[in-house]
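Listed here are the chains, written in short residue letters.
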Amino acid sequence: MNKIVLQVKELGKRFGEGCPRCSGGDPTALERNYCPACGTVYALSDVSLDLFESEVLGIVGESGSGKSTVLNCLYFDLEPSGGEAFIAQYKNGNESIFSGSGQTRRYIRNHVFGKVYQNPVLGLKMKFSSLANIAEKMIAAGNRNVGAMENRARELLTHVSIPHHRMKEAPANFSGGMQQRVQIAKALSNNPPILLLDEVTTGLDLSVQARVLDLVKQIQRELSISMLLVSHDLGVVRMLADRTIVMLNGRVVERGLTDQILEDPQHPYTQELVYSLL
Amino acid sequence: MKSLYNYAFFDEGSKREIRRASLKAIAIPGYQVPFASREMPIARGWGTGGLQVTLSLIGKSDVLKVIDQGADESVNAVNIKKLVGKTTGVETTEETERATLIQSRHRIPETPLREDQVLVLQVPIPEPLRFVEPSEETTKRLHAEADYSGAYLLLFEQIMRYGRVSTGADHPVEVRDRYVMAPSPIPRFDNPKMDHSSALILLGAGREKKIYAVPPYTRVVSLDFEDHPFEIEDVTGRVCRQCGAVDVYFDELVDEETGETFFQCNDTSYCLARMNAEADR
């Protein structure tokens with residue numbers, strides 16, 4: 001059995017104050033994930049998951065189901081309203097990463113996680129050269145050697161097939177697929193043990209999509225990185241994920257091996273999702 | 001002559017508020033202290049930050065010198081000197097040695113400053129991270145967490161683009177191993193003068209409403225990389241055509257008649273002092 005690299009326990013994210021009617025955690029008090037009495041949105045409720053070493057865990061669900069919110073909370077882009085997350089690199093996994101100060105969070109972000117955003121604008125500095133974009137994460141991790149950082153950035157950009165003569169160009173001049181590949185290179189720059197992928201292929205044309213997926217698969221095999229893969233595209237999940245969890249209205253409704261979920265879905269929502277596949 | 005203004009233009013309460021901000025700035029070297037920047041009779045962006053610091057500090061026994069990019073006689077410097085002179089009646093000077101209070105735009109004088117002098121620098125953009133992060137809320141948090149990767153990123157990008165660090169002025173510095181600070185748009189040539197300076201250095205940004213400081217004898221290190229160490233502008237081989245000075249910061253000028261370029265001290269009072277000393281000999 002591989003060891004657990006990331007453990008999330010009862011993660012919750014609430015937008016709004018909550019009221020006596022909805023704060024008890026009773027799902028029947030809510031209209032989907034929304035409390036009609038006070039207007040509070042429960043983006044995540046009681047989300048627990050384990051991520052094993054060199055495993056790809058897929059998260060599927062319709063839009064608004066809270067998939068991306070899980071990643072945003074883990075990458076500290078959003079402050080969770082409840083729950084805990086443990087990684088081996090932080091206090092031997094004895095304390096939740098959410099209890100850390102801003103500085104330790106930044107450390108975890110720069111050393112343990114790499115994230116690829118759905119929208120490259122969020123993950124890249126569009127006006128800075130691609131090399132500088134990748135160096136940014138290394139600088140943040142304390143590297144102060146230009147030569148070493150440039151070499152590493154070139155190596156990574158070569159790995160994601162960005163042509164040599166365009167490496168000094170800003171991602172603003174790139175196509176969507178190239179931007180996404182620069183993001184992947186950036187996320188890999190510090191050899192993070194955990195990669196958070198948020199809809200990496202959404203909006204890319206099919207051939208580019210295939211190339212990005214190929215790259216992700218290759219990285220996972222070569223570097224044995226663990227990945228949390230958020231997607232609403234079941235084809236992507238089928239190809240990449242070992243295990244999958246299904247989310248609906250901010251809750252996990254089903255979990256299991258990817259094949260099992262796609263071939264024999266149990267929850268009515270999962271059944272609907274799988275049978276909608278063209 | 002009876003002045004219609006309170007001493008040093010401001011009412012006493014305003015001066016006190018600015019002094020309080022300055023004291024806090026001195027207590028936390030390199031930290032940008034917000035202050036209530038006043039409306040001034042000159043436009044924001046023309047040295048109001050420095051002027052407010054100067055007015056809050058100036059006493060009857062002070063001798064004031066004002067520099068504008070090395071020159072004592074440019075319009076901006078003269079106007080500021082006149083305003084302070086008229087509202088305080090203090091003596092003004094062009095000699096760096098005689099001045100007790102020196103307000104400067106974009107230069108630190110060539111003559112080494114002493115403990116009994118205060119240098120006030122005018123600052124247009126006090127935030128060294130502004131070009132990577134437009135949000136003030138975020139930059140404040142980055143300062144709090146000492147995350148200065150943005151400042152290094154700007155230098156890295158320059159090296160990628162031009163093969164070397166190309167900050168013409170305002171090369172960021174780290175003050176006392178903690179805060180990264182914009183030294184105001186002084187040339188890199190002047191950055192080392194801030195390190196362990198004998199004189200107190202106060203920096204005022206009127207438009208951005210910030211005051212910060214480098215107290216005397218404080219460690220100031222210019223940011224750099226291991227394989228790209230900080231370097232000042234190379235002035236080797238340059239000689240001032242007027243006074244023969246070397247190893248100073250120069251203006252490059254064109255002789256309109258011959259079309260030749262030549263160099264001249266950027267610090268006019270330094271140049272003048274050297275020429276006077278030559279004439280006396």
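Just so it is clear, the model here is predicted, and its values are computed rather than measured.

1. What about helix α6 (residues 176-188) of chain A?
All names here are of chain A.
- Between the first and last C-alpha of α6 there are 19 Å, a value that for 13 residues agrees with the 18 Å anticipated at 1.5 Å per step.
- In terms of residue burial, α6 counts as a mostly covered element, since twelve of its 13 residues are buried.
- Looking at α6, one finds that the buried residues are Gly 177, Met 178, Gln 179, Gln 180, Arg 181, Val 182, Gln 183, Ile 184, Ala 185, Lys 186, Ala 187 and Leu 188.
- Among the structural elements, β5 (113-116), α3 (120-123), α4 (130-140), α5 (146-159), β6 (194-198) and α7 (206-223) are those in contact with the buried residues of α6.

2. Structural notes on the environment of B:Phe189
Residue and element names in this part refer to chain B.
- Within the fold, Phe 189 resides in the loop between β7 (179-181) and α6 (191-194).
- Placed 104 residues apart in sequence, Phe 189 and Gly 85 show a C-alpha to C-alpha distance of 31 Å.
- Setting aside residues up to four positions removed in sequence, Phe 189 forms contacts with Arg 107, Glu 110, Ile 232, Glu 233, Val 235, Asp 247, Val 248 and Tyr 249.

3. Concerning the packing of α4(A) against α5(A)
Residue and element names in this part refer to chain A.
- Axis separation between α4 and α5 bottoms out at 9 Å; the angle between their running directions is 120 degrees. Here α5 runs oblique to α4, going by the angle between their axes. The chirality of how α4 crosses α5 is right-handed. Counting all contacts with α4, which are made through Ser 130, Leu 131, Ile 134, Ala 135, Met 138 and Ile 139, the residues of α5 involved are Met 149, Glu 150, Arg 152, Ala 153, Arg 154, Leu 156 and Leu 157.
- By residue class, the composition of the contact of α4 with α5 is nine nonpolar, one polar and three charged.

4. Quick notes on the domain arrangement of chain B
Residues and elements named next belong to chain B.
- Domains assigned within chain B are domain 1 (12-222) and domain 2 (234-281).
- For domain 1 and domain 2, the distance between their C-alpha centres works out to 26 Å.
- Across the interface of domain 1 and domain 2, roughly 900 Å² is buried in total on both sides, 51% from carbon and sulfur atoms.
- Counting across the interface, domain 1 meets domain 2 through zero salt bridges.
- Counting across the interface, domain 1 meets domain 2 through nine residue pairs in polar contact (both at pLDDT 80 or more).

5. Regarding the sheet that holds strand β1 (residues 4-15) of chain A
All names here are of chain A.
- If you trace the three strands from one edge of the open sheet to the other, you get β2-β1-β4, paired in antiparallel fashion. Every interior strand has two partners, whereas the edge strands, β2 (41-52) and β4 (82-87), have only one. The mean angle between the axes of side-by-side strands here comes to 10 degrees, regardless of whether they run parallel or antiparallel.
- The pairing of β1 with β2 spans eight bridges and is classified as antiparallel. Of the residues in β2, the one forming a bridge with Leu 6 is Leu 51.

6. Quick notes on the packing of aromatic side chains
- Applying the stated rule across the entire model yields nine aromatic pairs over all chains.
- Taking the centre distance of 5.7 Å and the plane angle of 65 degrees together, the rings of B:Tyr152 and B:Phe225 count as edge-to-face. Here B:Tyr152 is found in helix α5 (residues 149-162), whereas its partner B:Phe225 is found in the loop between β10 (220-222) and β11 (250-254), with 73 residues between them in sequence.
- Between B:Phe189 and B:Tyr249, the aromatic rings sit 5.8 Å apart at their centres with planes inclined by 45 degrees, giving tilted as the arrangement. Here B:Phe189 is found in the loop between β7 and α6, whereas its partner B:Tyr249 is found in the loop between β10 and β11, with 60 residues between them in sequence.
- Taken together, the aromatic side chains of B:Tyr5, B:Phe9 and B:Phe10 make up a single cluster linked through ring pairs.
- For the cation-ring pair, A:Arg144 lies above B:Tyr152, with the distance from its terminal atom to the ring centre recorded as 3.7 Å.
- Sitting over the face of the ring of B:Phe262, B:Arg241 holds its NZ or CZ atom 3.6 Å from the ring centroid.

7. A word on the sheet that holds strand β1 (residues 33-34) of chain B
Residues and elements named next belong to chain B.
- Spatially, β1-β9-β8-β5-β4-β2-β3 is the arrangement adopted by the seven strands of the open sheet, whose pairing is mixed. Both outer strands of the open sheet, β1 and β3 (91-92), are each paired with one neighbouring strand and no more.
- The pairing of strand β4 (residues 101-105) with strand β5 (residues 118-122) spans four bridges and is parallel. Across the sheet, residue Ser 104 finds its bridge partner in β5, namely Leu 121.

8. Points about the interface of chain A and chain B
- The interface of chain A with chain B comprises 20 residues on the first partner and 20 residues on the second.
- Across the chain A to chain B interface the summed buried area is about 1800 Å²; carbon plus sulfur atoms make up 64%.
- The largest per-residue losses of area from chain A upon contact with chain B belong to A:Arg106, A:Arg144 and A:Val146, which jointly make up 35% of the total buried on that side.
- Taken together, the links from chain A to chain B amount to two salt bridges.
- Across the salt bridge formed by A:Arg106 and B:Asp147, the nearest N and O atoms sit 2.9 Å from each other.
- Viewed at the interface, chain B and chain A are joined by ten residue pairs in polar contact (both at pLDDT 80 or more).

9. Brief notes about the pairing of β11(B)
Residue and element names in this part refer to chain B.
- Here β11 pairs with strand β12 (residues 261-265) via five bridges, running antiparallel. Residue Glu 252 lies in a different strand from β12, and its bridge partner there is Phe 263.
- Between the end of β11 and the start of β12, which pair antiparallel, lie six residues, with Gly 259 showing a positive phi angle near 80 degrees.

10. Digging into the packing of α4(A) against α5(B)
- Packing of α4(A) against α5(B) leaves a shortest axis separation of 9 Å and a crossing angle of 145 degrees. Along this stretch, α4(A) crosses α5(B), giving a crossing that reads as right-handed. Each of A:Leu131, A:Ala132, A:Ala135, A:Glu136, A:Ile139 and A:Ala140 in α4(A) lies in contact with α5(B), whose residues at this interface are B:Ser149, B:Tyr152, B:Leu153, B:Phe156, B:Glu157 and B:Met160.
- Residues belonging to the contact of α4(A) with α5(B) are distributed by class as follows: nine nonpolar, one polar and two charged.

11. Some points on the pairing of strand β9 (residues 210-214) of chain B
Residue and element names in this part refer to chain B.
- For β9, a buried count of five out of five residues is recorded, marking the element as mostly surrounded by other parts of the structure.
- Neither face of β9 is open: one carries Lys 210, Tyr 212 and Val 214, the other Ile 211 and Ala 213, and all of them are buried.
- Both β1 and β9 contribute to a ladder of two bridges, which runs antiparallel. Bridged to Val 33 within β9 is Ile 211.
- In the sheet, strand β8 (residues 200-205) pairs with β9 via five bridges, with the strands oriented antiparallel.

Reading guide: rules and limits
Residues numbered from 1 in each chain as written. Chains lettered and ligands numbered in written order. Predicted model: local features only at pLDDT ≥ 70, side-chain atom pairs only at ≥ 80, totals over all residues. Heavy atoms only, no water. Helix = DSSP H or I, 4+ residues; strand = E, 2+ residues; numbered from the N terminus. Expected span 1.5 Å × (residues − 1). Buried < 20%, exposed > 50% of the residue type's maximum accessible area, 1.4 Å probe, protein only. Contact = heavy atoms within 4.5 Å. Axes fitted to C-alpha atoms, helices over the stretch in contact; angles between N-to-C directions. Parallel < 35°, antiparallel > 145°, perpendicular 65-115°, else oblique. Left-handed = near helix turned anticlockwise from the far one by under 90°. Nonpolar A, V, L, I, M, F, W, Y, C, P; charged D, E, K, R; others polar. Domains from an automatic or database assignment. Buried area = accessible area lost by both parts, 1.4 Å probe. Salt bridge = Lys/Arg side-chain N within 4 Å of Asp/Glu carboxyl O. Polar contact = N/O pair within 3.5 Å; in protein donor to acceptor, adjacent residues only side chain to side chain. Pairing = 2+ DSSP bridges. Phe/Tyr/Trp six-rings, centres within 6.5 Å; stacked < 30°, edge-to-face > 60°. Lys NZ or Arg CZ within 6 Å of the ring centre and 35° of its normal.

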